[in-house]
Amino acid sequence: MGAEMGAQAARSRALAVLRIRGRALAVALLPAAVAVVLAAGAATGHMVGDGWRAALWIMTVVALVVLAAAAGIALVVARARPAVSPTVAIAEERAPDLYRLVRDLADRLEVPAPSAIALTPDCDSWLEDRTHPAHGPPRSKGGDGRGSAAPVLVIGSPFLWWMRVGELRAVLAPVVAGTGPSAHPDIAAARRFVRGLDAAVAVASAPGRGRLGRVVLGGVGWVVRLLLRGCRGHAGEMERGVAAAAAERAQAVDYGVRIVAQEQVGLAYAGWDRLLTRVALPAWRMGRWPSRLDAGVVAALTELSRRDRLAEGFASRLGERPACDLLEEPGTVDEAASLLAARLFHGGPAEQGADWAPVGWDEYPEEVVDRKWRMDAARLHRVLDALGVRGSADPAVPGREGPTLARVMDHLATVTRPTPTPTAPTPEPASALPTADEAATTPEDAPQAAPEADLTTPEAPEGAPEGAPESDPGSDPEDGPAGLLAAGLSAESAREESEAAALRPAPPAPAAGQGPADALWDEGMLPLFPLQPPRTGRELVADHVTAMVCCAAVDTAGAAPGLDWLDGPSLLVDGERTKDLGARVLSLVEEGDPEPLRAWLVRLGIRPEKPVRLV
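This report concerns the structure included in the present document. (Residues numbered from 1 in each chain as written. Predicted model: local features only at pLDDT ≥ 70, side-chain atom pairs only at ≥ 80, totals over all residues. Heavy atoms only, no water.)

1. As for the side chain of Arg288
Thought 1: Summarising the element assignment, Arg288 is placed in strand 5 (residues 288–290).
Thought 2: Of the residues examined, Arg288 reaches a relative accessible area of 12% and is grouped as buried.
Thought 3: One polar contact links the side chain of Arg288 to the main-chain carbonyl oxygen of Pro358, over a distance of 3.1 Å.
Thought 4: When near neighbours in sequence (up to four residues on either side) are disregarded, Arg288 contacts Ala283, Trp356, Ala357, Pro358, Val359, Glu367, Val368 and Arg371. (Helix = DSSP H or I, 4+ residues; strand = E, 2+ residues; numbered from the N terminus. Buried < 20%, exposed > 50% of the residue type's maximum accessible area, 1.4 Å probe, protein only. Polar contact = N/O pair within 3.5 Å; in protein donor to acceptor, adjacent residues only side chain to side chain. Contact = heavy atoms within 4.5 Å.)

2. Quick word on the nonpolar core
Thought 1: Ranked by internal contacts, the top residues of the largest apolar core, which has 114 residues, are Leu168, Val176, Trp284, Leu293, Val545 and Leu571.
Thought 2: With residues up to four places along the chain from it excluded, the contact list for Leu571 reads Trp373, Cys550, Ala553, Val554, Ala559, Ala560, Glu576, Arg577, Thr578 and Trp600.
Thought 3: In this structure, Ala190, Ala200, Met238 and Val242 belong to the second largest nonpolar core, which totals 24 residues. (Core = buried A, V, L, I, M, F, W, Y, C linked by side-chain atoms within 4.5 Å.)

3. Let's talk about the packing of aromatic side chains
Thought 1: The tally for this structure, following the rule as stated, stands at two aromatic pairs.
Thought 2: Summarising the aromatic geometry, the rings of Trp361 and Trp565 are spaced 4.9 Å apart at their centres and angled 75° between planes, so their arrangement reads as edge-to-face. With Trp361 in the loop between strand 6 (357–359) and helix 12 (364–387) and Trp565 in the loop between strand 7 (560–564) and strand 8 (568–573), this residue pair connects regions lying 204 residues apart in the sequence. Each of the two residues, Trp361 as well as Trp565, counts as buried. (Phe/Tyr/Trp six-rings, centres within 6.5 Å; stacked < 30°, edge-to-face > 60°.)

4. So, the sheet that holds strand 9 (residues 576–577)
Thought 1: Across the sheet, which stays open at both edges, the three strands sit in the order 7-8-9 with antiparallel pairing between neighbours. A single partner strand is all that each edge strand has here, and the edge strands are strand 7 and strand 9.
Thought 2: The pairing of strand 7 with strand 8 spans five bridges and is antiparallel. Its bridge partner lying in strand 8, Gly562 is registered against Ser570.
Thought 3: Relative to the sheet, helix 9 (residues 255–285) contacts strand 7 and strand 8, its axis offset from that of strand 8 by approximately 95°.
Thought 4: Its contacts with the sheet place helix 12 against strand 7 and strand 8, and it is angled at close to 110° to strand 7. (Pairing = 2+ DSSP bridges. Axes fitted to C-alpha atoms, helices over the stretch in contact; angles between N-to-C directions.)

5. Focus: unusual backbone geometry
Thought 1: One non-glycine residue, Glu110, lies in positive phi territory at about 60°.
Thought 2: With a phi close to 55°, Asp574 is a non-glycine residue in the positive phi region.
Thought 3: Relative to the helices and strands, Asp574 resides in the loop between strand 8 and strand 9.
Thought 4: Given a relative accessible area of 78%, Asp574 falls into the exposed group.

6. Concerning the packing of helix 5 (residues 165–177) against helix 9
Thought 1: Where helix 5 meets helix 9, the closest approach of the two axes is 9 Å, and the angle between their N-to-C directions is 95°. The angle between helix 5 and helix 9 places the two elements in the roughly perpendicular class. Only Val257, Arg258, Ala261, Gln264 and Val265 of helix 9 make contact with helix 5, whose side of the interface consists of Gly166, Glu167, Ala170, Val171, Ala173 and Pro174.
Thought 2: Its residues placed into classes, the contact of helix 5 with helix 9 shows seven nonpolar, two polar and two charged. (Parallel < 35°, antiparallel > 145°, perpendicular 65-115°, else oblique. Nonpolar A, V, L, I, M, F, W, Y, C, P; charged D, E, K, R; others polar.)

7. Here's the deal with the pairing of strand 8
Each regular strand displays side chains that alternate between the two surfaces of the sheet.
Thought 1: Where strand 7 hands over to strand 8, the hairpin turn is made up of three residues, counted between the paired strands.
Thought 2: Two successive antiparallel strands, strand 8 and strand 9, enclose a turn made up of two residues, where Asp574 displays a positive phi of approximately 55°.

8. Topic: the side chain of His544
Thought 1: On the secondary structure map, His544 appears in helix 16 (residues 537–557).
Thought 2: For His544, a relative accessible area of 1% corresponds to the buried category.
Thought 3: For His544, the residues in contact, after removing those within four places along its chain, are Asp376, Arg379, Leu380 and Leu489.

9. Topic: the environment of Leu601
Thought 1: Assignment of secondary structure puts Leu601 in helix 18 (residues 595–604).
Thought 2: In sequence terms Leu601 and Ala553 are 48 residues apart; their C-alpha atoms lie 8.3 Å from each other.
Thought 3: Excluding anything up to four places from it in sequence, Leu601 contacts Leu405, Met409, Val549, Ile606 and Pro608.

10. As for a nonpolar patch on the surface
Thought 1: On the surface, Leu25, Leu29 and Leu67 cluster together into a nonpolar patch covering about 260 Å² of accessible area.
Thought 2: In this structure, Leu67 sits in helix 2 (residues 50–79).
Thought 3: In this structure Leu67 comes out as partly exposed when scored by relative accessible area, which is 32%. (Patch = residues over 30% accessible without salt bridge, like charges linked within 9 Å, V, L, I, M, F, W, Y side chains within 5 Å. Areas by Shrake-Rupley, 256 points an atom, 1.4 Å probe, with all protein chains shown as cover. Salt bridge = Lys/Arg side-chain N within 4 Å of Asp/Glu carboxyl O.)

11. Brief notes about the sheet that holds strand 2 (residues 116–120)
Thought 1: Read across the open sheet, the four strands follow the order 1-2-4-3; overall the sheet is mixed. Edge positions in the open sheet fall to strand 1 (88–90) and strand 3 (126–128), since each of these has one partner strand only. Sheet twist, expressed as the mean angle between neighbouring strand axes with direction ignored, is 35°.
Thought 2: Strands in contact with helix 3 (residues 96–109) are strand 1, strand 2 and strand 4 (152–156); relative to strand 2, the strand with the most contacts, it is inclined by about 115°.

12. Considering the pattern of salt bridges
Thought 1: Summed over all chains, the structure comprises 29 salt bridges.
Thought 2: Arg292 is the salt-bridge partner of Glu335, the closest N and O atoms lying 3.9 Å from each other. Separated by 43 residues along the polypeptide, Glu335 in helix 11 (residues 330–346) and Arg292 in the loop between strand 5 and helix 10 (293–307) bring together distant segments of the chain.
Thought 3: With a relative accessible area of 29%, Glu335 lands in the partly exposed category.
Thought 4: On the basis of relative accessibility, which here comes to 29%, the residue Arg292 falls in the partly exposed class.
Thought 5: In this structure, Glu609 engages Arg607 in a salt bridge whose closest nitrogen and oxygen atoms are separated by 2.4 Å.
Thought 6: Overlapping salt bridges, with partners in common, bring together Lys372, Asp376, Arg379, Arg382, Glu492, Arg495 and Glu496 in one network.

Right, here's the structure in full:
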């Protein structure tokens, strides 16, 4: 009963959308209808005279103009290509068991089976209509033969690797049940109309038009947006009705298992997000893309279940049959999904190459972690060279002019280095930035703001020299050693990114007769889902100092680069992951206090005065 009520509500809202379409058509035909009436009246002699004749000519011209405009708008709406989610197509030959599971599920729900299955590198699943001619020729196979216009079932690839077969069936039941209401002619027509309007808005907003084109498409966009505003409420309620009907129908299939499986959905989402931001993103920034991201989700969530008591018991499920066994070649599918994830979340190339190569999890510590540390350390010392920062002043220190950790620590620790005779410096303009040597004479008792103070400037404590520079640990300082280093690192990183973007090949133009998997989204919009905002100057300095410390640990203390599934690149000392390095680096960067880090180095036997190997 609930399913029928939801379907009826969706159909009524679909009819409301179609009525808006009918009214728009009536408005377009109204001037022509008036002109026809005037012409008929003049022909029959009921409307004679100069006034009626002038009205007939005016209405004829208006009707022609309105009809031409309506035809142009209809042509733009009809030819506009609706947006399609980037996915990895799964042919039936590559996953016969998965297709069989979905068809059996559709038969149990008494709804049409989806026309095809595709994977997306995200923790979500939905039905997607791909019947528009721009999406390719109609498929010859349409599930159980009840029509080739059935939507495509899109499944989140992490679900296949983390979930068991029974859990996947339970999670997909409400999604597959949505093919029933979607097959209704009124709902399908209303969806096509709304998707066409949405695509026409994108066409009207596209840049690169001439002046005349902008004027014409501006008018088209205004009319289309007006129609969309009128349809928005009804379309939203229609989709809610479809979802309610599908959820009600799906209660008859694996309802108890679905309650448990929903917990796995949230867990998979948390593991996937952590894997992308902490593990995959550092590799993508270096031109490498992990080729087994979905397999990495299982390792990350297994590690989470080991650390977090709330996740206890989830790892015991791994003894059951995973849903990825429904694929004939899960490794190949995982690689394709991993490449698509790198493209969507980072904007990488569509195909692998010399500067965009895959990397396995076994190679990750050496190929990504160690290389990233050394690249950051090399960038850090290039900036120090540009700032004129010298090495250790002690001539007895070996390699004092080389790339040493001591050089970095001495530069950042100058803000708290005591001076023999502290004197008040001469006030300088606010825009002047101190040099590296001037920063070295900053008095020890320079005031510092509390970490939470980010909008106000703290007052200097009593006894502080007048005009002493101030630093706010909660923001990026514009002066001092850390501020100079942050500015230099930001400029150097921006230069390297611009050079990499200039060397990146332009996307090929879509050729005639492309398949449905080619050029279905705007290449210039990549990445569609950026993972992280740009790093602040303080974060940039802390990351580079951490990399320098890790390089020194590897070269002088026998440490090794490692991979933590939840935290990303990590330093292994005697086979154990170090957990207390970040706070000591922040103490050096934000407060200029090198003592916590120096004590940590001594305890682990790391030699900061020894030069490290750079890339």
